[in-house]
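Descriptive structure summary
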Amino acid sequence: MKPAAFNYKKPSTLTGVLELLRESGEDSNILAGGQSLMPTLNMRLSAPSLLIDINGVDELFGISVTDNTVRIGSMTRHAELEKSSVISEHIPLINAAMPYIAHPAIRNRGTIGGSLALADPAAELPACLCALRGFVEMTSTSATRKVEAKDFFRALYETDLKANEIITAIEIPRYDQNYFSFIDELSRRHGDYAMCGLAFHAKIEEKIISDAQIVFFAVEAKPIIAVTAMRELEGAKISDVSLEVLQGAVGNDLDPFGDLHASATLKLHYAKELIKRAITSGITSG
Ligand SMILES: Cc1cc2nc3c(=O)[nH]c(=O)nc-3n(C[C@H](O)[C@H](O)[C@H](O)COP(=O)(O)OP(=O)(O)OC[C@H]3O[C@@H](n4cnc5c(N)ncnc54)[C@H](O)[C@@H]3O)c2cc1C
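Since this is a predicted model, take the numbers as computed values, not measurements. Residue positions are counted from 1 within each chain, in the order its sequence is given. This being a predicted model, a pLDDT of at least 70 is required before a residue's local features are given, and a value of 80 or more before pairs of side-chain atoms are given or counted; all residues contribute to the totals for chains, interfaces and linings.

Description of the overall build of the protein
The criterion, for reference: Secondary structure elements follow DSSP: runs of H or I no shorter than four residues count as helices, runs of E no shorter than two count as strands, and numbering proceeds from the N terminus. Based on C-alpha atoms, the radius of gyration is set beside the globule rule, defined as 2.2 Å times the residue count to the power 0.38. As a rule, residues whose C-beta atom has 12 or fewer other C-beta atoms within 10 Å are exposed, those with 20 or more are buried, and those in between are partly exposed; C-beta atoms are placed from the backbone. Distance between backbone-placed C-beta atoms decides contact: two residues are in contact if it is within 7 Å.
Helix and strand counts for the protein come out as twelve helices and 14 strands. Radius of gyration (C-alpha) of the protein: 19 Å, near the 19 Å computed for a compact globule of 286 residues. Reported as C-alpha extents along the three principal axes, the dimensions of the protein are approximately 60 × 45 × 30 Å. Sorting the 286 residues of the protein into buried and exposed places 44% on the buried side. Summarising the internal contacts of the protein: among those between residues at least 6 apart in sequence, 64% fall at separations of at least 24.

Okay, structure coming up:
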């Protein structure tokens, strides 16, 4: 199928984008990497009257580091995150997530802002951002605001983003070298969206766990922060963690939905397997 007719504009400044958005409101769509938007247009699942292409806005691209945070422009492509030494040094969880996202051709175009705005429940980056306690920066003609990732994702494909705003950047705190990152997922084939996935981030200092963040994806409508399981880990020696108790806590935290590829029971089974893998990996990483 071909998309319905639409107007197309490609401003070269953020101000130009925001003005167009203010004028057109819900009748327009931002075009970032186009990896999800173009198929929905082609299938006529959406038919905006205006596409605002943000690929010409230089200030939305790139990665920078301050004393306390790593800032990632919303148009930074997955492939750049995958190759960036700044990302692998300061936020290895994001780096480790990349090979799970689709295939190289999609990662060459797809952007972090697009992934967060889309809020697919099976996507890796929303869960990673929650596990890293990152912030989403959104800008309109009247204001710029930052929202913590855990409050940004609201429901199935629904976020805190307003029609007159775009995501301009993502900010992630810098963690010290004692932090351990883990991501894994179960999918039907490599590159497919996950049937169940886990992003895990915790401080492990002299084998004692603190500040653990356990975030599951592809189990419910948005990333799920497993707070009971996180409490179980606080202050525990990693080699002494009872997997049975931890898996029971994961069972309390999750209420999975079944889908075409996996039933709710199977997803819960996968979630328990993934938390086991995270702890095992934490033990072997020293
Ligand atoms: C075959 C296939 C397999 C995939 N597999 C995976 C996978 O396994 N895991 C995964 O995480 N992703 C997967 N993706 C999604 C891909 O990784 C992209 O991240 C995703 O499509 C969105 O990024 P984009 O830049 O292409 O956004 P677009 O397609 O350009 O936009 C998506 C939506 O976000 C909005 N938007 C984009 N940027 C902004 C912004 N800065 N501010 C406000 N709104 C914005 C658009 O208006 C649109 O509604 C897959 C995609 C395809 C086509």
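Description of the pairing of strand E2 (residues 28-31)
Basically, it comes down to this: Note: two strands are recorded as paired if DSSP finds a minimum of 2 bridges between them. Handedness is read with the strands pointing away from the viewer; a crossover is right-handed when the path from the first strand over the helix to the second is clockwise.
Here four bridges tie E2 to strand E3 (residues 50-53), and the two strands are oriented parallel to one another. Along E3, the bridge assignment pairs Asn29 with Leu51. You can see the chain leave E2, run along helix H2 (residues 37-42) and come back into E3, and the turn it takes is right-handed.

Here's the deal with the packing of helix H11 (residues 243-253) against helix H12 (residues 264-284)
Where we set the bar: Where helices are involved, their axes are fitted lines through C-alpha atoms of the stretch in contact, as for all axes, and angles between N-to-C directions lie from 0 to 180°. The labels follow the angle: roughly parallel below 35 degrees, roughly antiparallel above 145, roughly perpendicular from 65 to 115, and oblique for the rest. Note on convention: the crossing is left-handed when the near helix lies turned anticlockwise from the far helix by less than a right angle, right-handed when the turn is clockwise. For this classification, Asp, Glu, Lys and Arg are treated as charged, while Ala, Val, Leu, Ile, Met, Phe, Trp, Tyr, Cys and Pro are nonpolar and the rest, including Gly, are polar.
Closest axis-to-axis distance for the H11/H12 pair is 9 Å, and the angle between their directions is 135°. Regarding the angle of H11 to H12, the classification is oblique. Like other packed secondary-structure pairs, H11 and H12 cross with a definite hand, here right-handed. Contact residues: Leu243, Leu246, Gln247, Val250 and Gly251 in H11; Leu268, Ala271, Lys272, Ile275, Lys276 and Ile279 in H12. Looking at the contact of H11 with H12, its residues break down into seven nonpolar, two polar and two charged.

Some thoughts on the sheet that holds E2
The strand order across the open sheet formed by three strands is E1-E3-E2, and the pairing between neighbours is parallel. Strand pairing shows two members of the sheet lacking a second neighbour, strand E1 (7-9) and E2, which therefore form its edges. The sheet shows a mean angle of 25° between the axes of neighbouring strands, taken without regard to direction. Sitting on the sheet, helix H1 (residues 14-24) touches E1, E2 and E3, and the angle it makes with E3 is about 165°.

Concerning H11
For clarity, the threshold we go by: The reported arc concerns the directions from the helix axis to the C-beta atoms and nothing else.
Where H11 is concerned, the buried positions are Leu246, Ala249, Val250 and Asp253. Along the long axis of H11, the arc covered by the buried residues comes to 105°, so they all point the same way. For H11, the exposed residues set more than 90 degrees away from the buried face come down to Glu244, Val245 and Asn252. Structurally, H11 contributes buried residues whose contacts are with strand E14 (224-225), helix H10 (227-233) and H12.

Regarding the domain arrangement of the protein
This is how the line gets drawn: All domain edges in this entry derive from an automatic or database-based domain assignment.
Under the domain assignment used here, the protein contains domain 1 (7-53), domain 2 (63-173) and domain 3 (179-284). Here the C-alpha centroids of domain 2 and domain 3 sit 21 Å apart. Counting residues at the interface gives 24 residues for domain 2, matched by 19 residues for domain 3. Listed by contribution, the elements that provide at least two residues to the side of domain 2 that touches domain 3 are helix H5 (92-97), helix H8 (124-131) and strand E8 (153-155).

Description of unusual backbone geometry
Even without glycine at this site, Ala102 takes up a positive phi of about 50°. Tracing the backbone through its elements, the reader meets Ala102 in the loop between H5 and helix H6 (104-109). Of note, Arg133 is a non-glycine position whose phi angle comes to about 50°, a positive value. For Arg133, the location among the structural elements is in the loop between H8 and strand E6 (135-139). Overall, the presence of 16 C-beta atoms within 10 Å leaves Arg133 in the partly exposed class.

Thoughts on the site of the ligand
The line we're drawing: Residues are counted as near a molecule or strand when the C-beta atom, derived from backbone positions, lies within 6 Å of that molecule or strand.
If you check the shell around the ligand, you find 28 residues, and the closest are Gly33, Gly110, Gly113, Gly114 and Ala123. Residue assignment for the shell around the ligand shows that the elements contributing at least two residues are E2, H6, helix H7 (112-118), H8 and strand E10 (166-173). Here the element with the most residues in the shell around the ligand is H7; it accounts for five residues. Taken together, the residues of the shell around the ligand sort by class into 15 nonpolar, eleven polar and two charged. For the shell around the ligand, the domains that each give at least three residues are domain 1 (7-53) and domain 2 (63-173).

A look at the sheet that holds strand E7 (residues 144-148)
The strand order E4-E5-E10-E6-E7 describes an open sheet built from five strands, whose pairing is antiparallel. Of all the strands in the sheet, just strand E4 (63-65) and E7 have a single pairing partner and so form its edges. The average undirected angle you get between the axes of adjacent strands in this sheet is 25°. Across three bridges, E4 lies against strand E5 (residues 69-73) in antiparallel orientation.

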